Amino acid sequence: MGCCSSSESKRDWKPLEERSCTDIPWLLIFTLFCIGMVCICGFTIATGAASRIVSGYDSYGNTCGQNNTKVEGIELSGRNMIENKYVFFLDPCNLDIINRKIKSIALCVSKCPATELKTYNELKQFALNNGSALCTYDITPTRYPSHSERSTKCPKLPVPPSKSVPLFHRCIPVDISCYAEFAQAFITFVSDNSVLRRVVAGVMASKDIIVGLCVLALVLSLIMMVVIRYISKVLVWILTVLVIIGTTVGTGILWWLYVDHRNSQELNNKTTSVFGKEVASDNVKALLVYAIGATIFTVILLLVIFFMRKRVALTISLFHVAGKVFIHLPLLALQPFWTFLCLMLFWVYWIAVLLFLGTTGTPVKNNYTGLVEYQMVGPLQYMVWYHAVGLIWISEFILAFQQMTIAGAVVTYYFTRNKSQMPATPILSAMARTLRYHLGTLAKGSFIITLVKIPRLILTYIHSQLKGKENACARCMLKACVCCLWCLEKCLAYLNQNAYTATAINSTNFCTSARDAFVILVENALRVAAINTVGDFVLFLGKVLIVACTAFAGVLALNYQREYTVWVLPLLIVCLFAFLVAHCFLSVFENVVDVLFLCFAVDTKYNDGSLGREYYMDKALMEFVENSKKMGRYNPDDGDGREMKSMARGGTLA
């Protein structure tokens, strides 16, 4: 399973003509791992954990809606709850923030109280009329008003009206305002509650504006995709000019608004209310921070654009080809949506099984509370860790499948000389090839990322748990380790992406593809690095433009509510959503450009345009190569001068 040996002989390099299964042992390992994930789900269902989550259970080990068996040491366990199908909490607003659960005695009842019950006599009457006892099982309804332990074994008065949650059979208060305690505890890091109140009020007052701006970000992203597809030749110059104008004008407007708000605050200081003064002061501070940050960002951005201006021509050529790819393969734009849907479905399944695992195990009595808890002992406790590894590995596998699909489709386009001979649906063809031949390669590549991500997440968790307790040296070492692992993860992710491209080209296993891709990129380091840097930077400019336009529209819209709205949170929400939407759309274009980089490097390595060694590349890239030759910046000897041979097919077993 190593990566160092290679026993297969070299063959003529014929992209897309020969297909073979790659990394079969790793496909078997991944299949067995997935079977293990399914077995964990089956185990939770077989042991009743799934039914306890869905049907609900009380604090004495009884599952609601079922006839239960006795739990040793628990007097109120083993009851017939077939008629009692709903879980009722004596104090539903008593939340345990640390353990993320309701810290209250739970009972199985036949009906949730639909109206407010203010006295113990009303509790008694409700129980007698509906057969639904709201106090613990050892107290009969007639003793509710006089029982000595009614304050601990009966619900906290007044009992709010509640209704059952569909499917999960829990009695949840109709008025959820009592959960404000949870929200307040969740944000205890905010020392000034008045600031929090004003920020929340600002979000609620401007919710319509936030929704409108999020829609605007989506529209701008779609427009950006149209621009990339149809006018890619002028895209770089348009983006560069618009970003320079947008950031400069936006920074100037922020400074103007800061001065205007400060002057307005000074003029109206005596006439406005205390609340209005606080809102105005918060807005002035926020605008000052925004203006300073925008100024620093604009200066850095202009300097980067100035030093990278000479490499714009190469980026234009690559973007022109990428635009043609999207014209021939329009379904590429839908790849993030399919990937997101697959991830959502898997994450929902994973969370459901995790909840099942929380109630899996042996019911034992908590000697402190006298109630039942479920504990996994022995080997069963490692199922949670197995399940956690599955979350990372399978998620990375799904992302790798998207990368391989995009790489396969783009490679098909690049290495097909006659575009009319391309498959009718290149995306579906690439998916079919991946499913048939290369799932093992994806399993191995995603596992490598998992091996790096797990220790990074563990160290990040340790750092968060020890925050404020460890010394400065330990804190620095932890951060350094996390940073190094993050950098390693990004480097491996980039190498993986190029390895998938090499596999799509030559149908070699993961290690061979990664090695050959690495060699090709190193041989063309300066050229490929320049293209990659400029291409990613231009796409970053596109994201900045979308976020800047959305933020600018947000500033103008929120300016009409300056007396009622604190700008900080609404503007941050809008900008974050705009960036995520822009990243979702442009990430596919970025992947296409990265695949084209490697194809271009392979093409120039083994071909020089002479008879019998014609380039596969598009005319736009060929014009760039010819122009570079005339300017003396391109040396055909960058390749090894050999006939087109394979990137050696390794016989290594992964």
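For the structure itself, look to the data block above.
Residues numbered from 1 in each chain as written. Predicted model: local features only at pLDDT ≥ 70, side-chain atom pairs only at ≥ 80, totals over all residues. Heavy atoms only, no water.

1. Focus: the packing of aromatic side chains
Working step 1: On inspection of all chains with the given rule, the structure shows twelve aromatic pairs.
Working step 2: Taking 5.2 Å as the distance between ring centres and 70 degrees as the angle between the ring planes, the aromatic pair formed by F30 and W393 counts as edge-to-face. Residue F30 is found in helix α1 (residues 24-46), and its partner W393 is found in helix α12 (residues 383-414); the two are separated by 363 residues along the sequence.
Working step 3: With a relative accessible area of 2%, W393 lands in the buried category.
Working step 4: Ring centres of F30 and F397 lie 4.4 Å apart, and the angle between their planes is 20 degrees; this geometry places the pair in the stacked category. With F30 in helix α1 and F397 in helix α12, this residue pair connects regions lying 367 residues apart in the sequence. (Phe/Tyr/Trp six-rings, centres within 6.5 Å; stacked < 30°, edge-to-face > 60°. Helix = DSSP H or I, 4+ residues; strand = E, 2+ residues; numbered from the N terminus. Buried < 20%, exposed > 50% of the residue type's maximum accessible area, 1.4 Å probe, protein only.)

2. Describing the environment of K419
Working step 1: You can see K419 is positioned in the loop between α12 and α13 (426-437).
Working step 2: Owing to a relative accessible area of 26%, K419 belongs among the partly exposed residues under this scheme.
Working step 3: The sequence separation of K419 and H328 amounts to 91 residues, and the corresponding C-alpha distance is 8.7 Å.
Working step 4: In contact with K419, other than residues within four places in its own chain, are H328, Y413 and Y414. (Contact = heavy atoms within 4.5 Å.)

3. A closer look at the state of the cysteines
Working step 1: Scanning all chains against the criterion turns up three disulfides.
Working step 2: Note on cysteine connectivity: C64 is disulfide-linked to C108, with sulfurs 2.0 Å apart. Taking the sign of the S-S torsion, about -85 degrees here, the bridge from C64 to C108 comes out left-handed. Of the two residues, C64 is situated in the loop between α2 (49-55) and β1 (86-89) and C108 in strand β4 (residues 106-109); the sequence distance between them amounts to 44 residues. Like C64, the residue C108 is buried in the burial classification.
Working step 3: In this model C41 remains outside any disulfide bridge; the closest cysteine sulfur is found in C39, 9.9 Å from its own. (Disulfide = S-S within 2.5 Å.)

4. Quick word on unusual backbone geometry
Excluding glycine, a negative phi dihedral is what most residues carry, and trans is how most peptide bonds are arranged.
Working step 1: In this chain, L157 is followed by P158 through a cis amide linkage whose omega measures -10 degrees.
Working step 2: By the secondary structure assignment, P158 is in the loop between α4 (150-153) and β5 (162-164).
Working step 3: Positive phi outside glycine occurs at D23, with the angle close to 50 degrees.
Working step 4: Tracing the backbone shows D23 in the segment before α1.
Working step 5: Even without a glycine there, the phi angle at S507 is positive, about 55 degrees.
Working step 6: Among the secondary structure elements, S507 is positioned in the loop between α15 (472-506) and α16 (510-523).

5. Notes on the environment of I449
Working step 1: Following the sequence through the fold, I449 ends up in helix α14 (residues 439-465).
Working step 2: For the pair I449 and N496, spaced 47 residues apart in the sequence, the C-alpha separation amounts to 8.8 Å.
Working step 3: For I449, the residues in contact, after removing those within four places along its chain, are E396, E489, L492, A493 and N496.

6. Side note on the pattern of salt bridges
Working step 1: Counted according to the given criterion, the structure contains seven salt bridges.
Working step 2: K453 is the salt-bridge partner of E489, the closest N and O atoms lying 3.4 Å from each other. Taken together, the residues span a long stretch of sequence, with E489 in helix α15 and K453 in helix α14 at a distance of 36 residues.
Working step 3: The class of K453 is buried, set by a relative accessible area of 16%. (Salt bridge = Lys/Arg side-chain N within 4 Å of Asp/Glu carboxyl O.)

7. Overview of empty space enclosed by the protein
Think of a ball as big as a water molecule: rolled over the atoms, this probe shows where empty space is left.
Working step 1: For the structure shown, the criterion picks out three cavities of 30 Å³ or more.
Working step 2: Considering only enclosed or pocket space, the largest cavity measures out at about 50 Å³ in volume.
Working step 3: Along its surface, the largest cavity is lined by F88, F89, P92, V159, P160, S162, C171 and P173.
Working step 4: Residue assignment for the lining of the largest cavity shows that the elements contributing at least two residues are β1 and β6 (171-173). (1 Å grid on protein atoms, 1.4 Å probe; cavity = no way out; pocket = protein on both sides within 12 Å on 5 of 7 lines; lining within 4 Å. Points joined across faces, edges and corners; volume = space filled by probe spheres on them.)

8. Digging into α16
Working step 1: Its 14 residues place the ends of α16 20 Å apart at the C-alpha level, agreeing with the 20 Å of an ideal helix rising 1.5 Å per residue.
Working step 2: Within α16 the residues assigned to the buried category are F510, C511, T512, S513, A514, D516, A517, I520 and L521. (Expected span 1.5 Å × (residues − 1).)

9. Describing the layout of surface pockets
Working step 1: Considered as a void within the structure, the second largest pocket measures approximately 1200 Å³ in volume.
Working step 2: Around the second largest pocket sit 33 residues that line it, and L399, Q403, K490, H583 and S587 are the ones nearest its centre.
Working step 3: Mapped onto the lining of the second largest pocket, the elements with two or more residues apiece are α11 (335-358), α12, α14, α15, α17 (525-558) and α18 (568-606).
Working step 4: The class makeup of the residues in the lining of the second largest pocket is 14 nonpolar, eleven polar and eight charged. (Nonpolar A, V, L, I, M, F, W, Y, C, P; charged D, E, K, R; others polar.)

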